[in-house]
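Structural features, examined
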Amino acid sequence: MMKSALLSVLLIPMASICEVRAQETLTPYEELPEFETIGEPASEGDFTAIRDVLMKGGAAWGQGDATTLASFYSEDAEWMNAFGQIRRGSEAIEDYLGDLFEDQDEEMAEFEEQSGAAISLRYIGDDVAIFHAVTRSTRMGALEGAEERRVHSTQVLEKRGDEWVIVHEHISDARPAVE
């Protein structure tokens, strides 16, 4: 029951991911696995709180709202984008994302939010969870000849007191195989 509830309400819809439209020398991205939940939350309240952080964070990303998005990160969070740039702390994350969102194309942000897929949610003990998702993006950094990127995000959430916060996020690009 927990798995089906998660699938129906997760931040990122379970949309199919398109193959990269690129040069003939590029092969499609690897097919994504079906969503999987590993472990169980300590309580139904934990499941709901994690879902809320993910859904509200995704909506803030889609709206280009750096302040709201950063509020889901801990004061000591570490965040790394696909280009290896690291920010530590929710304030530094907010500053970086504020600059990124400054010239954001609303259609692109909505595309990123809507084209994503959840890959897994793993519970580790009673107070740690790892969420892995992937989305498509037309933001900077696509391979030469490709119209878009496939971007993975792995978030580590920790329960601090009664709240779940993101304590670490690692963003990375998937690259199609080159023949």
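This part is about the nonpolar core. By size, the foremost hydrophobic cluster in this structure holds 28 residues, and its most contacted members are Ile50, Tyr73, Trp79, Leu97, Leu121, Phe131 and Leu157. If you list the elements that add at least two residues to this core, you get helix H2 (44–63), helix H3 (66–70), strand S2 (73–80), helix H4 (90–102), strand S4 (117–124), strand S5 (128–137), strand S6 (149–160) and strand S7 (163–174).

Within the fold, Glu169 resides in strand S7. Polar contacts involving the side chain of Glu169 include one to the side chain of Ser153, which spans 2.5 Å. Look past the residues within four positions of Glu169 in its chain and what remains in contact with it is Tyr73, Glu78, Trp79, Met80, Ser153, Thr154 and Gln155.

On to the sheet that holds S4, then. One open sheet accounts for seven strands, arranged S1-S4-S5-S6-S7-S2-S3; its pairing is mixed. Since the sheet does not close on itself, it has two edges, and those belong to strand S1 (36–38) and strand S3 (86–88), each with one partner. Neighbour to neighbour, the strand axes of the sheet diverge by 15° on average, direction disregarded. Across four bridges, S2 lies against S7 in parallel orientation. Opposite Trp79, over in S7, you have Glu169 as the bridge partner. Sheet strands in contact with H2 are S4, S5, S6 and S7, and its direction is about 50° off that of S7. Across the sheet, H4 lies against S2 and S3, angled at about 50° from S2, the strand it touches most.

So, how was this worked out
- Residues numbered from 1 in each chain as written.
- Predicted model: local features only at pLDDT ≥ 70, side-chain atom pairs only at ≥ 80, totals over all residues.
- Heavy atoms only, no water.
- Core = buried A, V, L, I, M, F, W, Y, C linked by side-chain atoms within 4.5 Å.
- Buried < 20%, exposed > 50% of the residue type's maximum accessible area, 1.4 Å probe, protein only.
- Helix = DSSP H or I, 4+ residues; strand = E, 2+ residues; numbered from the N terminus.
- Polar contact = N/O pair within 3.5 Å; in protein donor to acceptor, adjacent residues only side chain to side chain.
- Contact = heavy atoms within 4.5 Å.
- Pairing = 2+ DSSP bridges.
- Axes fitted to C-alpha atoms, helices over the stretch in contact; angles between N-to-C directions.

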